[in-house]
Amino acid sequence: MAEEIEEYLKQLLTVVDGLEGVIISDRDGVPVVKALNGDVPEAASRPGFLATFSMATEQASKLGLGANKSLVCIYDNFQIVHLNFMPLVATMIARMDANTGVLLGMTSQLSDSIAQLKEAVDGL
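Now for a quick tour of the structure. Computed from a predicted model, the values in this text were never measured in an experiment.

What follows concerns the overall build of the protein chain. Per the secondary structure count, the protein chain includes five helices and five strands. The order of helices and strands in the protein chain, counted from the N terminus, is α-β-β-α-α-β-β-β-α-α. The globule rule puts the C-alpha radius of gyration for 124 residues at 14 Å, and the 14 Å found for the protein chain is close to it. For the C-alpha atoms alone, the extent of the protein chain along its principal axes is close to 35 × 35 × 25 Å. Looking at the 124 residues of the protein chain, the share that counts as buried comes to 38%. Long-range contacts, defined here as pairs at least 24 residues apart, represent 50% of the contacts in the protein chain between residues at least 6 apart. Accessible area for the protein chain stands at about 6700 Å²; split by element, carbon and sulfur atoms hold 53% of it.

This is the structure we're talking about:
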């Protein structure tokens, strides 16, 4: 199953303009499935970086506004979009010229694949 999802993620890299990588990780930042182009900064795929979304989501939930669905981080050369599928997180790494709205809109596209992974993770 993970191989099929990895192939799907690789296909997304060719279809979505500016998308350089997609990593599905657990809440601790451990990658479950990933597809990366060569242009992805190494730091963006480290578990410590990937786990920051879970920590930020916990803090944001204390604001009383409900569950955090996504987080967008803009850097000098890249943008990172984290999508909440707890206990899994989808992290998309894209170039600055990528359309952030398109990346955020990919939630529904990724939800079916991530639902399959969630079942597998929950079964462990």
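In spatial order, the strands read S2-S1-S5-S4-S3; together these five strands make up an open sheet with antiparallel pairing. Only two strands of the sheet have a single partner each, and these edge strands are strand S2 (31-36) and strand S3 (70-74). Strand after strand, the sheet turns through a mean of 10° between neighbouring axes, direction not considered. Bridging between S3 and strand S4 (residues 78-85) involves five bridges; their strand directions are antiparallel. Paired with Ser70 across the bridge in S4 is Leu83. Of the strands in this sheet, strand S1 (19-26) and S2 are in contact with helix H1 (residues 2-15), which crosses S2 at around 35°. Its contacts with the sheet place helix H3 (residues 52-61) against S3, S4 and strand S5 (88-95), and it is angled at close to 65° to S4.

The first and last C-alpha atoms of H1 sit 20 Å apart over 14 residues, in line with the 20 Å expected at 1.5 Å per residue. Every buried residue belonging to H1 is among Ile5, Leu9, Leu12 and Leu13, and all of these are buried. Down the axis, H1 shows its buried residues gathered within 105° of arc, on one side only. In H1, the exposed residues that point more than 90 degrees away from the buried face are Glu3, Glu4, Thr14 and Val15.

Regular strands place side chains that alternate from one sheet face to the opposite one. Burial of S1 is extensive: seven of the eight residues sit out of reach of the surface. Note that S1 and S5 share seven bridges and pair antiparallel. Within the sheet, the bridge partner assigned to Ile24 lies in S5 and is Ala90. Counting the residues between successive antiparallel strands, the hairpin from S1 to S2 contains four residues, one of them, Gly29, with a positive phi of roughly 85°.

Calculation criteria
- Residues numbered from 1 in each chain as written.
- Predicted model: local features only at pLDDT ≥ 70, side-chain atom pairs only at ≥ 80, totals over all residues.
- Heavy atoms only, no water.
- Helix = DSSP H or I, 4+ residues; strand = E, 2+ residues; numbered from the N terminus.
- Rg over C-alpha atoms; globule rule 2.2 N^0.38 Å.
- Buried < 20%, exposed > 50% of the residue type's maximum accessible area, 1.4 Å probe, protein only.
- Contact = heavy atoms within 4.5 Å.
- Areas by Shrake-Rupley, 256 points an atom, 1.4 Å probe, with all protein chains shown as cover.
- Pairing = 2+ DSSP bridges.
- Axes fitted to C-alpha atoms, helices over the stretch in contact; angles between N-to-C directions.
- Expected span 1.5 Å × (residues − 1).
- Arc of directions from axis to C-beta.

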